[in-house]
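Residues per chain, in single letters:
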Amino acid sequence: MYKLGNSHCLIAVIITISSVIIFGYMIDYTNAQDKSTLHLSTNKKTYKPGETVVITVKNNGKSTLEFPDSTLGLTIQNTRTHQQAGMLGSQVMSELKPGESKTVQWDQKDYDGKEVQAGTYNAKASSAPEENSNNTLPITMGTTFTIK
């Protein structure tokens with residue numbers, strides 16, 4: 001029978017403790033993500049210039065999500081030029097309860113009221129960090145669509 005020396009025992013203990021810590025972290029991270037899953041989608045993947053883009057934000061999680069404004073923290077940006085689109089909303093906190101969804105419509109105009117150029121755009125929604133939770137980061141989700 002093979003007898004472990006002190007250094008081998010120490011290595012075995014370190015590996016065991018490390019595995020428990022990492023595995024435990026993965027469970028906590030997965031549970032945190034499951035509790036607050038945000039889903040973002042558009043009603044189409046390709047739009048004609050000037051056509052209304054309908055963006056749906058849904059809370060698939062188990063806890064209420066808060067957003068910093070009435071547009072649910074939504075930003076739209078051209079992926080090539082990085083030009084930000086004009087998404088203006090009231091500066092009031094908004095909520096999405098578990099299973100709830102809301103839609104936001106975008107008229108393809110920038111902050112100056114001018115129609116944006118054709119291209120690929122990324123829409124991104126970000127919740128406010130969850131209070132009374134270990135998750136202090138906002139939950140962010142994005143989707144991509146094209147204007148041709």
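Residues numbered from 1 in each chain as written. Predicted model: local features only at pLDDT ≥ 70, side-chain atom pairs only at ≥ 80, totals over all residues. Heavy atoms only, no water.

### Side note on the pattern of salt bridges
The following threshold applies: The salt bridge criterion pairs a side-chain nitrogen of Lys or Arg with a carboxyl oxygen of Asp or Glu, the two atoms within 4 Å. The classification of residues rests on relative accessible area computed with a 1.4 Å probe and restricted to protein chains. Under 20% of the type maximum is buried, over 50% is exposed, and intermediate values are partly exposed.
Within this structure, the stated rule accounts for 2 salt bridges. Between Glu-51 and Lys-44 there is a salt bridge, with the nearest N and O atoms lying 2.5 Å from each other. For Glu-51, a relative accessible area of 25% translates into the label partly exposed. Of the residues examined, Lys-44 reaches a relative accessible area of 33% and is grouped as partly exposed.

### A closer look at the packing of aromatic side chains
The condition is simple: Any two rings among Phe, Tyr and Trp, with Trp reduced to its six-membered ring, count as a pair given centres within 6.5 Å; such a pair is stacked if its planes are under 30 degrees apart, edge-to-face if over 60, and tilted if neither. In this text, helices come from DSSP runs of H or I with a minimum length of four residues, and strands from runs of E with a minimum of two, each type numbered from the N-terminal end.
Enumeration over the complete set of coordinates arrives at 4 aromatic pairs. Ring centres of Trp-106 and Phe-145 lie 6.1 Å apart, and the angle between their planes is 65°; this geometry places the pair in the edge-to-face category. Highlighted residues: Trp-106 in strand S7 (residues 101–106) and Phe-145 in strand S9 (residues 140–147), separated in sequence by 39 residues. The pair Trp-106 / Phe-145 is uniform in exposure class, with both members buried. Three or more aromatic residues joined by ring pairs make a cluster, and in this case those are Tyr-47, Trp-106, Tyr-121 and Phe-145.

### Re the confidence of the model for the protein chain
Where we set the bar: Confidence of the predictor at the level of single residues is captured by pLDDT, which takes values from 0 to 100.
Per-chain confidence: the protein chain averages 80 in pLDDT, with 70% of residues scoring 70 or above. Highest mean pLDDT in the protein chain belongs to strand S2 (residues 46–47) (98); lowest belongs to helix H1 (residues 6–35) (48).

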